[in-house]
Amino acid sequence: MTRLRLATTTPGEPEIFHSLQGEGISAGRPSVFVRLSGCNLACQWCDTPYTWYFTGHPGKHRGDQTYQRRDNSVTLDIADVADQIAAHECRHIVFTGGEPLLQQPALAALCDLLGPDYHIEIESNGTVALAAGFDRHVDQLNLSPKLAHSGNDPGLRMNEAALVAYARDTRAWFKFVVAQPHDAEEITALADRCGIASDRILLMPEGTCATDLHARSRWLGPLCLERGWRFTDRLHIHLYGDTRGT
Ligand code: SF4
């Protein structure tokens with residue numbers, strides 16, 4: 001039996017849902033989202049702290065509230081996950097988290113079960129390399145390397161060897177969460193070091209409410225124009241607010 005550890009919407013209910021992709025190059029596309037539990041980072045502004053900020057976690061999140069692991073994660077056999085995905089009759093899947101690439105063997109087994117008709121999109125922080133067994137299933141990578149303002153230790157948040165490999169991968173897009181204008185210099189330096197092409201870079205305002213997104217978008221839009229980078233909003237926040245299962 002192969003199992004995945006998933007986030008929950010309510011205790012015991014896995015966070016598998018049908019919605020519009022809110023961010024990145026596929027924004028607006030109807031997709032089935034599968035949110036995995038667990039992350040190797042601890043971003044202070046993370047909008048899904050319930051996937052990793054469990055009681056006793058040594059990291060720091062700005063919300064301060066910690067979460068009971070028992071109520072906020074559930075392990076499910078991949079056959080049950082496949083059934084829940086298939087129930088939505090949508091062939092575009094987004095594996096998100098948390099950090100989904102921490103569970104690649106089980107994801108590979110799930111994809112084998114689902115068969116070839118699905119388009120598989122991955123949302124990852126870019127610190128974990130694709131494993132050979134899962135690589136062949138992946139159609140699109142939405143990588144979000146974390147900048148200094150995430151509050152993570154640099155040695156933890158950045159795996160430049162992995163990013164160099166991803167920079168050569170035509171499936172990969174690089175979406176940076178931006179909090180202040182000078183983040184652009186950090187992104188430029190990283191892109192230069194890792195060989196990330198400008199036309200693969202998207203900038204997204206940090207924020208979990210429409211007011212904050214709008215305020216940052218006002219300077220982020222012109223900044224993207226100036227640097228030749230793409231801008232991405234957070235559609236789901238505008239449509240549903242900062243809620244689980246959306
Ligand atoms: S990498 Fe993503 S899921 Fe993990 S703490 Fe940072 S924002 Fe949250």
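See the structure shown above.
Now for a look at the structure at hand. (Residues numbered from 1 in each chain as written. Predicted model: local features only at pLDDT ≥ 70, side-chain atom pairs only at ≥ 80, totals over all residues. Heavy atoms only, no water.)

1. Here's the deal with the environment of Thr 55
Take Thr 55: it is sitting in the loop between strand E3 (30–35) and helix H1 (69–72). For the pair Thr 55 and Arg 171, spaced 116 residues apart in the sequence, the C-alpha separation amounts to 36 Å. Discounting chain neighbours no more than four positions away, the residues touching Thr 55 are Thr 66, Tyr 67 and Gln 68. (Helix = DSSP H or I, 4+ residues; strand = E, 2+ residues; numbered from the N terminus. Contact = heavy atoms within 4.5 Å.)

2. Some thoughts on helix H2 (residues 78–86)
Listing the buried residues of H2 in full gives Ile 78, Val 81, Ala 82 and Ile 85. Down the axis of H2, the sector holding all buried residues measures 100°, keeping them to one side. Tucked into the core, H2 has its buried residues touching strand E1 (3–7), strand E2 (16–20), E3, strand E4 (73–77), strand E5 (92–96) and helix H3 (104–114). Among the residues of H2, the N-terminal cap falls to Asp 77, whose side-chain oxygen and the backbone nitrogen of Ala 79 are separated by 3.0 Å. (Buried < 20%, exposed > 50% of the residue type's maximum accessible area, 1.4 Å probe, protein only. Arc of directions from axis to C-beta. Polar contact = N/O pair within 3.5 Å; in protein donor to acceptor, adjacent residues only side chain to side chain.)

3. Some details on the site of the ligand
Inspection of the region around the ligand gives Cys 39, Leu 41, Cys 43, Trp 45, Cys 46, Thr 48, Trp 52, Gly 98, Asn 125 and Lys 146 as its neighbouring residues. Here the ligand is seated within the largest pocket. When its residues are assigned to classes, the shell around the ligand shows six nonpolar, three polar and one charged. (Near = heavy atom within 4 Å. 1 Å grid on protein atoms, 1.4 Å probe; cavity = no way out; pocket = protein on both sides within 12 Å on 5 of 7 lines; lining within 4 Å. Sits in = over half its atoms within 2 Å of the grid points. Nonpolar A, V, L, I, M, F, W, Y, C, P; charged D, E, K, R; others polar.)

4. Details of the side chain of Ser 124
Position of Ser 124 among the secondary structure elements: in strand E6 (residues 119–124). The class for Ser 124 is buried, based on a relative accessible area of 5%. Side-chain polar atoms of Ser 124 contact the side chain of Glu 99, separated by 3.1 Å. A polar contact of 3.0 Å, which involves the side chain of Ser 124, links it to the backbone nitrogen of Gly 126.

5. Some details on the sheet that holds E3
Sheet architecture is open: eight strands sit in the order E2-E3-E5-E6-E7-E8-E9-E10, paired in mixed fashion. Since the sheet does not close on itself, it has two edges, and those belong to E2 and strand E10 (230–231), each with one partner. Where E6 and strand E7 (residues 140–143) come together, four bridges link them in parallel fashion. Pairing of Ser 124 across the sheet is with Leu 143, part of E7. (Pairing = 2+ DSSP bridges.)

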